[in-house]
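# Coordinates in review
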Amino acid sequence: MPYSASTNIFSDILPSDDVLSQCIHCGMCLSACPTYELTKLERSSPRGRIKMIRSVANAEIPVSNIFAEEMNFCLDCQACETACPAGVRYGKLVEAARVFVDETFRKNSLKVRIKRFLLRRILADKNNLKLVSRVLRIYQRSFIKNIFEIFGVLRIFSRHLSEISKLAPKISGFFSDEKISLFSFPDAEVKYKTAFHFGCVMNVAFAEVNLDTIEVLKAYACEVYTPSEQVCCGSLHAHNGDIDFAKKLAGKNIDAFKQEKFEYLISNSAGCGAFMKDYGYLLKDDAEYSERAEMFSAKVKDVTEFLYAKNPARKLMPVSVTAVYQDACHLVHSQKIKNEPRELLKSIPGLILKETEGADVCCGSAGIYNVSRIEDSLHFLKRKVENINKVKPSLVIISNPGCLSQIAFGTEKLDHKVEVMHLVSVLRGSLYNDFSQKWKSSI
Ligand code: SF4
Ligand code: SF4
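Sequence order as written defines residue numbering, which begins from 1 separately in each chain. By the order in which they are written, chains take letters starting at A while ligands take numbers starting at 1. Local features in this predicted model are restricted to residues whose pLDDT is 70 or higher, and side-chain atom pairs enter the listing and the counts only when it is 80 or higher, whereas totals over whole chains, interfaces and linings include all residues.

Turning next to the overall build of the protein chain. We count a stretch as a helix when DSSP gives it H or I for four or more residues in a row; a strand needs E for two or more, and each element gets its number in order from the N terminus. Secondary structure summary: the protein chain contains 27 helices and 9 strands in total. Two things to know: the radius of gyration comes from C-alpha atoms, and the globule rule equals 2.2 Å times the number of residues to the power 0.38. Over its C-alpha trace the protein chain gives a radius of gyration of 22 Å, about what one expects of a compact globule, namely 22 Å for 443 residues. Along the first, second and third principal axes, the C-alpha atoms of the protein chain reach 65 × 55 × 45 Å. Working definition of burial: number of other C-beta atoms within 10 Å of the residue's own, with buried at 20 or more, exposed at 12 or fewer, and partly exposed in between, all C-beta atoms being placed from the backbone. A total of 443 residues make up the protein chain; the buried ones form 48% of that total. By the criterion used throughout, residues are in contact when their C-beta atoms, derived from the backbone, lie within 7 Å. In the protein chain, 77% of the contacts between residues at least 6 apart in sequence involve partners at least 24 apart.

Following this line, the structure appears as structure tokens:
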């Protein structure tokens, strides 16, 4: 049944008509858009999608399969926002459109129900996520996985299932929240009072990176406050049509982090940091949280943004490696953080940093895009890996868990011999002079 916006549900979800009318149809965003580049169809461009959103919101056209498809084909990478001279906040529009599609047109679809179950009951529930992660860890380290891979067992059920299982990040040997104390202190005098958000996927699959982040913050004379009551930031929910649940998670985080205990809230995940910086906007109409959400968001800093602005209390030791840095969309386009990670890396003695073509173009990870639209995702990943391979680095450095898994998967799949590490782990290796050990354990 075609839905129209005559019920005004869509208009209620959309930011405001002003935002929708901001697009001046100049087309400057077209060359920045990976999906437009792939199809060359206007409807797969930011400008085309904005036109469709406006038409549906004004009830000029009904919601159709094409509309739903285009809203989900979009990577929500926000490269178009960087290119846009009119300051259109496109991400807000597409995220609202996804809510509308899932709440109306696809309300009863099995795919939407499964997605909601996984995002709400597994990802956002720390205990359930740990339980699933323990099972996955056993599978990933067992001979069963090797047998499944050798005989292509998962392929029998679905080719995608086989690819998705390879894409899943390797579950850490421990979970970081079980190792990080409520307060961590530097050896030297405390200069900055920070708090740390350890994330959901980061906590179970990049536990080492979380511990490295604490160590790096300590080396920058930070006290680090890490309350265990914190939860998933909610970005994946908001980007996938479940804004209401994202708001609940935002409220829980605001309650968990006692604001008098810190001046800066540090995130080492670009997607989480970008979203927590937006809690003020997300909860602006919430009588209970709006004020605290605004204060909370003002304290959020990406780890690279924070460190670049401060000086380490320790000397940086040489790291002999030729590396490239790949921007995470939610760092470079959402948070406009481009130079800070590069400058931090350039400050490490011995590290040769090379640039690649398309470093700021989406790798196709895009939240759960690489699971829900694997074919499209692989197209973007292939181009990313080929660009990396042109400069032949021995290390790819990234600041976001989704991109880390995606690019590691891509380099292995395309047989390009290169390691992938989070920026804080490289920095930690230099600060504590143990990069070669870290390097060996990652290969
Ligand atoms: S968010 Fe990315 S994929 Fe979506 S329209 Fe903008 S540039 Fe294109
Ligand atoms: S660059 Fe901005 S104003 Fe121009 S068409 Fe794209 S979204 Fe519209």
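Now that the structure has been shown, the text picks up again.
For each residue, a C-beta position is placed from the backbone atoms; the residue is near a molecule or strand when that point lies within 6 Å of it. Taken together, 16 residues form the shell around ligand 2, and within it C23, C26, C29, R47 and C84 come nearest. Listed by contribution, the elements that provide at least two residues to the shell around ligand 2 are α4 (46-57) and α6 (79-83). For the shell around ligand 2, the element with the most residues is α4, which contributes 3 residues.

Next up on the list: the environment of N339. In this structure, N339 sits in helix α22 (residues 339-346). Each C-alpha atom, one on N339 and one on K247, is 31 Å from the other, the two residues being 92 residues apart in sequence.

The next point concerns the site of ligand 1. Close to ligand 1 lie 14 residues; C33, P46, C74, C77 and C80 are nearest. Secondary-structure elements contributing two or more residues to the shell around ligand 1 are α3 (34-39), α4 and α6. Taken together, the residues of the shell around ligand 1 break down into 10 nonpolar, 2 polar and 2 charged. Note on residue categories: nonpolar means Ala, Val, Leu, Ile, Met, Phe, Trp, Tyr, Cys or Pro, charged means Asp, Glu, Lys or Arg, and polar means any other residue, Gly included.

Turning to the confidence of the model for the protein chain, a few remarks are in order. Per-residue confidence from the predictor is reported as pLDDT, which spans 0 to 100. Overall, the prediction assigns the protein chain a mean pLDDT of 90, with 91% of residues at 70 or greater. Predicted confidence is poor over residues 1-7, with pLDDT under 50, and the contacts of this stretch with residues over four places away or in other chains come to 16 contacts.

Axis separation between α4 and helix α7 (residues 90-105) bottoms out at 11 Å; the angle between their running directions is 50°. If you check the angle between α4 and α7, you find them oblique. Judged by the sense of rotation from one axis to the other, the crossing of α4 with α7 is left-handed. Between α4, through P46, R49, I50 and I53, and α7, the contact on the second element is made entirely by Y90, L93, V94 and A97. Lines fitted to C-alpha atoms define the axes, with helix axes restricted to the stretch in contact, and inter-axis angles between N-to-C directions lie between 0 and 180 degrees. We call two directions roughly parallel when the angle between them is under 35 degrees, roughly antiparallel when it is over 145, roughly perpendicular when it lies between 65 and 115, and oblique otherwise. If you view the pair so one helix is near and one far, a crossing is left-handed when the near helix is turned anticlockwise from the far one by less than a right angle, and right-handed when it is turned clockwise.

Turning to the environment of E178, a few remarks are in order. The residue E178 is located in the loop between α12 (159-167) and β1 (183-184) in this model. Classification of E178 as exposed rests on a count of 10 C-beta atoms within 10 Å. For the pair formed by E178 and R49, sequence separation is 129 residues and the distance between their alpha carbons is 44 Å.

Burial along strand β8 (residues 395-398) is two-sided: L395 and I397 and V396 and I398, pointing in opposite directions, are all buried. Of the pairings in the sheet, the one linking β8 to strand β9 (residues 419-422) comprises 4 bridges and is parallel in character. When the bridges of β9 are listed, I397 appears paired with M421. With helix α25 (residues 401-413) bridging β8 and the parallel β9, this β-α-β connection has right-handed handedness. Two strands pair under a simple rule: DSSP has to find at least two bridges between them. A clockwise course of the path from the first strand over the helix to the second, judged with the strands pointing away from the viewer, identifies a crossover as right-handed.

Between helix α8 (residues 110-123) and helix α9 (residues 126-141), the shortest axis-to-axis distance is 6 Å and the interhelical angle comes to 100°. In terms of axis orientation, α8 runs roughly perpendicular to α9. Note on element contacts: α9 touches α8 through N128, L129 and V132, opposite R121, I122 and L123. When its residues are assigned to classes, the contact of α8 with α9 shows 4 nonpolar, 1 polar and 1 charged.

What follows covers the nonpolar core. The term nonpolar core means buried Ala, Val, Leu, Ile, Met, Phe, Trp, Tyr and Cys residues held together as one set by C-beta atoms within 7 Å. By size, the foremost hydrophobic cluster in this structure holds 126 residues, and its most contacted members are C362 and I397. Per-element accounting of this core gives the leading share, 9 residues, to α7. When sequence neighbours within four positions are dropped, the list of residues in contact with I397 reads A323, Y325, L345, M421, L423 and V426.

Moving on to the pairing of strand β4 (residues 264-267). Of the two faces of β4, the one holding Y264 and I266 and the one holding L265 and S267 are both buried throughout. Here 3 bridges tie β4 to strand β5 (residues 300-302), and the two strands are oriented parallel to one another. If you follow L265 over to β5, its bridge partner there is V300.

What follows covers the sheet that holds β9. Here we have 4 strands laid out as an open sheet, ordered β7-β6-β8-β9, and parallel in their pairing. The open sheet terminates on both sides in strands that have one partner only, identified here as β7 (351-354) and β9. This sheet shows a mean twist of 35° between the axes of neighbouring strands, independent of strand direction.

Once that is clear, we can look at α4. The span you would expect from a helix comes to 1.5 Å times its residue count less one. Taking 1.5 Å as the rise per residue, α4 with 12 residues should run 16 Å; its terminal C-alpha atoms sit 16 Å apart, in good agreement. Those residues of α4 that sit buried are P46, R47, R49, I50, M52, I53, V56 and A57. A positive backbone phi angle near 60° is found at A59, which sits one or two residues after α4.

So, on to the sheet that holds strand β2 (residues 192-197). Taken together, 5 strands build an open sheet; the order of strands is β1-β3-β2-β4-β5 and the sheet is mixed. Two strands in the sheet have a free side with no partner beyond their single neighbour: β1 and β5. Two strands pair when backbone bridges link them, and β2 and strand β3 (residues 222-225) are joined in this way by 4 bridges, in the parallel orientation. Paired with A195 across the two strands is Y225, which belongs to β3. Its contacts with the sheet put helix α14 (residues 207-219) on β1, β2, β3 and β4, and the angle it makes with β3 is roughly 145°.

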